[in-house]
Amino acid sequence: MINQIVTNTARRQFALALNFEGGTQPVLPDCTDDKQRLLYIHIPFCEELCPYCSFHRIRLDETLAGKYHIALRREIALYRQKGYRFTGIYVGGGTPTVLVEELSETLRLAREVFPITSISVETNPNHLTDANIAVLKQAGVNRLSVGVQTFNDDLLKKIARYDKYGSGAEIAGRLADTMGKFDTLNADMIFNFPEQTASMLEADLAVLTKLEMQQITFYPLMVSTLTQRLMQETLGEVNFPREQSYFDLILRRLERDYDSSSAWCFSRKKAARSLIDEYVVDFDEYAGLGSGAIGYLGGVCYANTFDIDRYISDLMQSNLPLGAARKFALPDQMRYDFLMKLFATRMNVNELEKKYGGKFFRTLWKEMAAFTLAGSFRYFSPNLHLTPRGRYLWVIMMREFFIAVNNFRDFCRKQAGLIP
């Protein structure tokens with residue numbers, strides 16, 4: 001019952017928070033401080049469009065993708081002109097490595113104009129070639145996140161990945177060959193596909209532990225409302241009630257050899273700390289560059305246009321391609337920090353009290369009381385730590401947060417004529 005209450009409450013709150021209708025006029029202010037921020041870069045091109053994916057993506061057109069990277073490099077220059085500095089880069093998609101040489105040139109420019117210390121790039125198993133790896137290493141990439149999803153061949157066929165990315169055994173072999181070539185190699189996995197059984201999940205975990213993956217991110221299936229309806233035609237309906245049992249299985253299998261970098265990210269014990277896919281944990285603020293990219297700067301959540309032609313056209317005229325923005329009120333900024341900091345499984349209470357001038361607890365006492373009664377926290381000064389119970393509640397909330405983000409993406413993609 002508590003799970004359902006948290007789900008329904010989070011769904012309502014995030015839908016309201018990410019409603020950009022009537023939002024503020026999108027404007028990127030100049031930056032005058034040295035705060036550490038992350039540069040998120042979105043590459044929307046894919047060789048195949050997976051039926052469960054709600055991200056902003058289109059099928060690869062190499063000519064358009066080349067023009068897109070030229071526009072991206074102009075956008076990077078505009079952020080530099082406005083005084084922004086970034087210490088980390090995360091490149092997502094889409095499939096960022098579809099034009100790896102163009103990506104390398106874009107990263108080269110970013111490293112030239114910003115004091116970058118870490119770069120994380122998403123990719124797919126078929127791009128784990130010697131040539132691509134050499135280009136990425138030369139570009140300064142130190143973390144590679146590989147979209148695996150599952151090693152089960154029947155499920156790979158159902159989600160339209162088998163023919164393009166290979167069998168589970170082939171994918172495992174490519175991961176093994178890539179181990180040690182980057183500071184961190186992450187396997188992106190998904191649990192709770194409609195036709196996935198507990199034994200399938202057990203088998204996926206067995207492959208990962210045998211490989212001794214440096215990092216594993218296990219997302220619950222979290223698709224937009226529209227994608228859920230479309231997905232039912234090929235995969236079936238998502239079974240949310242069994243999600244906790246699958247998550248508990250993952251925890252039991254990985255807790256011996258892995259530490260928690262977030263509620264659903266596992267880093268091998270004694271491994272060096274590195275970026276994770278949920279960069280919102282490590283950075284309070286991040287800029288979103290690329291078509292459909294979402295950023296959060298100075299309490300303002302904003303999105304670039306999802307119309308790729310307009311994105312390129314705006315930047316060719318040296319205009320930022322901003323499409324929508326919403327200014328979060330101070331209590332909403334506190335709730336955002338509360339969600340993201342505890343997603344990392346612990347939250348420094350003193351730091352947040354200082355950040356908000358002693359108003360953090362006074363503002364969020366109802367939320368804090370409710371989650372305390374639900375057995376979510378333990379306090380070891382100065383941190384609140386998630387209990388195993390709290391950890392799954394945070395999985396629920398982050399799932400609903402990303403579903404709300406995906407619903408917003410679908411709305412914008414529809415407005416741009418990318419979906420009927």
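Going by the structure above, here's the rest.
Residues numbered from 1 in each chain as written. Predicted model: local features only at pLDDT ≥ 70, side-chain atom pairs only at ≥ 80, totals over all residues. Heavy atoms only, no water.

Participant: Please explain the pattern of salt bridges as it appears in this structure.
Facilitator: Any two side chains of opposite charge can pair if their charged atoms end up close together. Under the counting rule described, the total for this entry stands at 21 salt bridges. The shortest N-O distance in the salt bridge between R37 and D33 comes to 2.9 Å. With a relative accessible area of 4%, R37 lands in the buried category. On the accessibility criterion, D33 (34% relative accessible area) is partly exposed. With a shortest N-O distance of 3.0 Å, D259 and K269 are connected by a salt bridge. On the criterion of sequence distance, the pair formed by D259 in strand β9 (residues 258-260) and K269 in the loop between β10 (265-268) and β11 (286-289) is long-range, its members being ten residues apart. (Salt bridge = Lys/Arg side-chain N within 4 Å of Asp/Glu carboxyl O. Buried < 20%, exposed > 50% of the residue type's maximum accessible area, 1.4 Å probe, protein only. Helix = DSSP H or I, 4+ residues; strand = E, 2+ residues; numbered from the N terminus.)

Participant: Help me understand the sheet that holds strand β16 (residues 377-380) in this model?
Facilitator: Sheet strands pair via backbone hydrogen bonds, and the direction of the pair is either parallel or antiparallel. As summarised here, the arrangement of the three strands in space is β15-β17-β16, forming an open sheet in which the pairing is antiparallel. One side of each edge strand has no neighbouring strand; the edge strands of this open sheet are β15 (346-348) and β16. Strand-to-strand twist of the sheet, defined as the mean angle between neighbouring strand axes without regard to direction, takes the value 20 degrees. Examined bridge by bridge, β15 and strand β17 (residues 383-386) share three bridges and lie antiparallel to one another. (Pairing = 2+ DSSP bridges. Axes fitted to C-alpha atoms, helices over the stretch in contact; angles between N-to-C directions.)

Participant: What should I look at first to understand unusual backbone geometry in this one?
Facilitator: Of all residues except glycine, most have a negative phi; of all peptide bonds, most are trans. Going from G93 to G94, the amide bond is cis rather than trans, its omega being 15 degrees. The topology assignment puts G94 in the loop between β4 (88-93) and α3 (100-113). Residue P382 is reached from S381 by a cis peptide bond, and omega for that bond is 5 degrees. Structurally, P382 is set in the loop between β16 and β17. Not every positive phi belongs to a glycine, and N192 is a case in point at roughly 80 degrees. Tracing the backbone shows N192 in the loop between β7 (184-191) and α8 (198-211).

Participant: Hey, could you run me through the side chain of N124 in this one?
Facilitator: Of note, N124 is situated in the loop between β5 (118-123) and α4 (130-138). Owing to a relative accessible area of 7%, N124 belongs among the buried residues under this scheme. A distance of 2.9 Å separates a polar atom in the side chain of N124 from a polar atom in the side chain of R161. Those residues in contact with N124 that lie beyond four places of it in its chain are T95, V146, G147, R161 and Y165. (Polar contact = N/O pair within 3.5 Å; in protein donor to acceptor, adjacent residues only side chain to side chain. Contact = heavy atoms within 4.5 Å.)

Participant: Could you clarify how one ought to interpret the packing of α8 against helix α10 (residues 243-254) in this entry?
Facilitator: When two helices pack together, their arrangement is given by the angle between the helix axes and the distance between those axes. For the pair α8 and α10, interaxial distance at closest approach is 11 Å and the crossing angle is 25 degrees. If you check the angle between α8 and α10, you find them roughly parallel. Pair α8 / α10 crosses with right-handed handedness. Facing α8, whose interface residues are A198, L201, E202, L205, A206 and T209, α10 presents Y246, L249, I250, R253 and L254. Along the lines of polarity and charge, the residues of the contact of α8 with α10 split into eight nonpolar, one polar and two charged. (Parallel < 35°, antiparallel > 145°, perpendicular 65-115°, else oblique. Left-handed = near helix turned anticlockwise from the far one by under 90°. Nonpolar A, V, L, I, M, F, W, Y, C, P; charged D, E, K, R; others polar.)

Participant: In this structure, what is going on with the packing of aromatic side chains? I would like to understand it.
Facilitator: By convention here, two paired aromatic rings are described through the distance between centres and the angle between planes. Applying the stated criterion across every chain yields a total of 26 aromatic pairs. Seen in terms of ring centroids, Y52 and F193 are 5.6 Å apart; in terms of plane orientation they differ by 75 degrees. Their pairing is edge-to-face. Taken together, the positions of Y52 in the loop between β2 (45-46) and β3 (58-59) and F193 in the loop between β7 and α8 put the pair 141 residues apart, joining distant regions of the chain. Considered together, Y52 and F193 belong to a single accessibility category, that of buried residues. Ring-pair connections join several aromatic residues into one group, and the members of that group are Y219, W264, F343, F401 and F402. (Phe/Tyr/Trp six-rings, centres within 6.5 Å; stacked < 30°, edge-to-face > 60°.)

Participant: How should the packing of helix α12 (residues 330-343) against helix α15 (residues 388-415) be read in this particular structure?
Facilitator: Axis separation between α12 and α15 bottoms out at 10 Å; the angle between their running directions is 125 degrees. With respect to α15, the axis of α12 lies oblique. Both α12 and α15 take part in a crossing whose hand is left-handed. Contacts between α12 and α15 pair Y336, F338, L339, M340, L342 and F343 from the former with W394, M397, M398 and F401 from the latter. Its residues assigned to classes, the contact of α12 with α15 comprises ten nonpolar, no polar and no charged.

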